[in-house]
Structures are given as structure tokens and as C-alpha cells.
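# What the coordinates show
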Amino acid sequence: YQEDVSDGGVVGALLLDSKADPPACIWVFTTHLRSGDTIPDEQKRIKQAGDLAAWVTERKVPADKCKRSARLLMMDGNSFQGFATGDIKADSNMYHTLQTKVGLTNFLLSEESSDSAELNTGEGRKDLPLSMAVSVNKIRGIDTKQLKKMGEYQLDRIDYIAVSKELKTPVVTLKTYDRVSGKEKAYNDILPSPENPSDHLPVVAEVQWSELKESAASCRRLAPLILGLMLLLTSVGLTSLA
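Residues numbered from 1 in each chain as written. Predicted model: local features only at pLDDT ≥ 70, side-chain atom pairs only at ≥ 80, totals over all residues. Heavy atoms only, no water.

The description of an aromatic ring pair uses the distance of the two centres, along with the angle that the planes make with each other. The tally for this structure, following the rule as stated, stands at three aromatic pairs. Where F29 meets W55, the ring centres are 5.9 Å apart and the plane angle is 75°; that geometry is what we call edge-to-face. Here F29, found in strand β2 (residues 24-32), pairs with W55, found in helix α1 (residues 39-56); they are 26 residues apart in sequence, far enough to count as distant. Judged by its relative accessible area of 12%, W55 is buried. (Phe/Tyr/Trp six-rings, centres within 6.5 Å; stacked < 30°, edge-to-face > 60°. Helix = DSSP H or I, 4+ residues; strand = E, 2+ residues; numbered from the N terminus. Buried < 20%, exposed > 50% of the residue type's maximum accessible area, 1.4 Å probe, protein only.)

Here it is, written out as C-alpha cells:
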């Protein structure tokens, strides 16, 4: 689907687990939303999320083959789920739009990863946790095609594995950094790097049905299928224009 829904369009694929009992389907979507930390940027993402929601909710499943179904969205949302700056509050931001219009819930952090209750007291946005589990720890270099962002540093969590209520909320482990006392450590781990050539850290989770009636082996089949699909979809041209 291509329009002004996102910076590169939206791709959706319907997966059938024919060996599950009963047979089950998952609609899997991936996209890339507008980048930037400003209020206009988040307003654009809110609109994109609303347009995305309208398209996603129109996707149906074949009733004769799928006795139950779910939705899974994997995306670079370019926005912390707790974004709250200016007139935009946490209950009206991009993520809240996905929650209310599509019924999607983003992943939880594992016990090894956590955000502090205290918000940022150093440089940068004040709506971000002081200590935070992050999916990006990056800086724009001189070779960037986004010249207005050259030298811009970002320590944030902007990636999503969001599921509908038919699936268990995924659990993810990410590196945690303190914006003040741990700034040197964060700078030493800056991305991209030879070990991680992407400007995002991997966000990996196992996806399971909320009510498991089939065997655990059947559930585990979904994980490599979905991961493989995610890698395929993100390699076919979802290029950011922001």
C-alpha cells in the first residue's frame, strides 16, 4: 500500500499456520514512519498512524481457512511510545493512536532491561527516561544523505513489535543506558559499528498465541516465519524519505 501513510509505504502479508489446531492466520505488517523529534514530526506520525490503521483494519482473513487470526506490526516508528512534548501528551501521541484505532500493544521489556521512573535531566528531550532501554544509539556522520541531521545524536527506543490481543505481548531485551552518568558508555557503543552496521539495535522477540491449545512446537514455528518475513519485507524497498 503506497500513499501518504508512511515514508516508504506499508507492506502486509497473511501467514497461514495450517498445522495449528485450529488453523490460524496472522496478518504481518511493516512500515517506516516520519522521523524527527519536533511536535510537527509527531503530528505527522499521528496522521500516518491513523491512515495506517484504516488500511490495516480493512485486511480480512479467509474464514474457511482461518478459525482464528491476529495482527502483528513491526516498524521503525521513529517515536518513543511515551512521547509527550508540548501539546502532545502520552494519551494522544502516535502510539496511543495505534492502540485505540487498531488495538495493538508494543512489546514489554524483560527483567534485564528497564526504564527509570525519573525523566531526563540532561541534554535533549525531557519526556524520555533518564535511564532507558534503547533500540537506537546513533549519530549522523558526514556521509549522511540527510544533511540537516548531520551530527545529530539519538539515544531512544523507536522500534515496534506490536500485537493484537490474540497474541501474547512479546518480551524484548535491550541495552540500557543512563543519559547522564552513563553517557561515556553510550558514546563508546555508538552506531553504526563494525559489529552492528545498522543504526538500530536488533529487536528480537518470540510471538505466541494468547490462548495456547496446540503444542509448544507449533507455536515456535511462528517465530522463524515471522522473523524471516520481517527481514524479507525490510529488504524490498521500505526506504525512508525523511
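What follows picks up the thread again.
Counting across every chain of the model gives one disulfide. In this model C25 forms its disulfide with C66; the gap between the sulfur atoms is 1.6 Å. Every disulfide takes its handedness from the sign of the S-S torsion; for C25 and C66 that torsion is -45°, giving left-handed. Taken together, the positions of C25 in strand β2 and C66 in the loop between α1 and β3 (68-76) put the pair 41 residues apart, joining distant regions of the chain. The buried category is assigned to C66, whose relative accessible area is 6%. (Disulfide = S-S within 2.5 Å.)

It is worth spelling out the side chain of N137 at this point. Considering the arrangement of structural elements, one finds N137 in strand β6 (residues 136-139). Of the polar contacts made by the side chain of N137, one reaches the backbone oxygen of D189; its length is 3.3 Å. (Polar contact = N/O pair within 3.5 Å; in protein donor to acceptor, adjacent residues only side chain to side chain.)

Moving on, we get to the sheet that holds β2. Overall, mixed pairing links the four strands, which are arranged β1-β2-β3-β8 in an open sheet. Of all strands in the sheet, those bounded by a partner on one side alone are β1 (10-17) and β8 (159-163). Direction aside, the axes of adjacent strands within the sheet are offset by 15° on average. Sheet analysis places β3 next to β8, joined by five bridges and oriented antiparallel. (Pairing = 2+ DSSP bridges. Axes fitted to C-alpha atoms, helices over the stretch in contact; angles between N-to-C directions.)

Our focus in this paragraph is the nonpolar core. With 18 residues, the main nonpolar core has L73, M75, M94 and L98 as its most contacted residues. Counting only elements with at least two residues in this core, the list comes to β2, α1, β3, α2 (94-102) and β8. Here this core gets five residues from one element, more than from any other, and that element is α1. Ignoring anything within four residues of it in the chain, the contact list for L98 reads A49, L52, L73, M75, G103 and L104. Counting residues in each nonpolar core, the second largest holds 16 residues, with M74, F107, I161 and V172 among its members. (Core = buried A, V, L, I, M, F, W, Y, C linked by side-chain atoms within 4.5 Å. Contact = heavy atoms within 4.5 Å.)

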